[in-house]
Amino acid sequence: MKILTVSAAQLHDIRKPSDYSTSTVSHSPRPEPNNSSRPALGRSGLSLVLTKELIDVGRVELVLEWLESLSSSAASVSRYRDSLRITITGFDEPTPALNPRCRAFFKSLAGRWPYWLHFIEKDHESIGLLLMLLADDEPLGAGPALTRDALSATMARLLSDADRLYAALGVPEPVAQANCDAATSAYFEFVEPIVSGRAAAG
């Protein structure tokens, strides 16, 4: 799996997926206090690890070029379909995707690169993480929460963004449809238990 982990201590050499060799990537020999912050090559897939350090710094451009390389050509779009997994590290809480700082950072990043739905793995955990990061809060009970309407609106935006990518790069309609169908299926798998649980609790 190709991994891009970004921290403020290691920002000098973010490589595009096409730049990786067949071995673990090493950077120039300057001091690197966080050794886990190195992109590394594995057998398959892409992993974007967003550290608390990077999120606190708030500089989305540090990963933007890497993401833009994924959507830069039809060949890259085809190669990296369904291959991206997002991980958030460094937060001492059970669901860091609901942390306001995480969500503000990711929304800023998605505002400049919106093509997540094509590249992300089509399982309910990955789609759910994406939705939690991008959906708008709405009042619910004693405090803010993610409602089904908010999640649905976010999913609609993500599908529209994927459609724009497909149109721009001439992705064949059967491929585009299959990708959207898989994403929609994962969306319902994530949303239905939440909605059912709230209904039962009410």
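Just above, that's the structure.
Residues numbered from 1 in each chain as written. Predicted model: local features only at pLDDT ≥ 70, side-chain atom pairs only at ≥ 80, totals over all residues. Heavy atoms only, no water.

**With respect to the overall build of the chain**
Then step 1. Along its length, the chain carries eight helices and five strands.
Then step 2. For the chain, the N- to C-terminal ordering of α and β elements is β-β-α-α-α-β-α-α-α-β-β-α-α.
Then step 3. The proportion of buried residues among the 202 residues of the chain is 44%.
Then step 4. Here the analysis covers contacts within the chain between residues at least 6 apart in sequence; of these, 73% occur between residues at least 24 apart.
Then step 5. Taken as a whole, the chain presents about 9900 Å² of accessible surface, with 52% of it coming from carbon and sulfur. (Helix = DSSP H or I, 4+ residues; strand = E, 2+ residues; numbered from the N terminus. Buried < 20%, exposed > 50% of the residue type's maximum accessible area, 1.4 Å probe, protein only. Contact = heavy atoms within 4.5 Å. Areas by Shrake-Rupley, 256 points an atom, 1.4 Å probe, with all protein chains shown as cover.)

**Description of the environment of S152**
Then step 1. Positionally, S152 belongs in helix α7 (residues 148-169).
Then step 2. Taking relative accessible area as the criterion, S152 reaches 36% and is therefore assigned partly exposed.
Then step 3. In the structure, S152 is positioned 39 residues away from V191 in sequence and 9.0 Å away in space, judged by C-alpha atoms.

**Some words on the environment of S83**
Then step 1. The residue S83 is located in the loop between α3 (74-79) and β3 (84-89) in this model.
Then step 2. Counting along the chain gives 37 residues from S83 to I120, while the straight-line C-alpha distance between them is 5.8 Å.
Then step 3. Residues contacting S83, with those up to four places away along its chain left out, are G45, L46, F119, I120 and E121.

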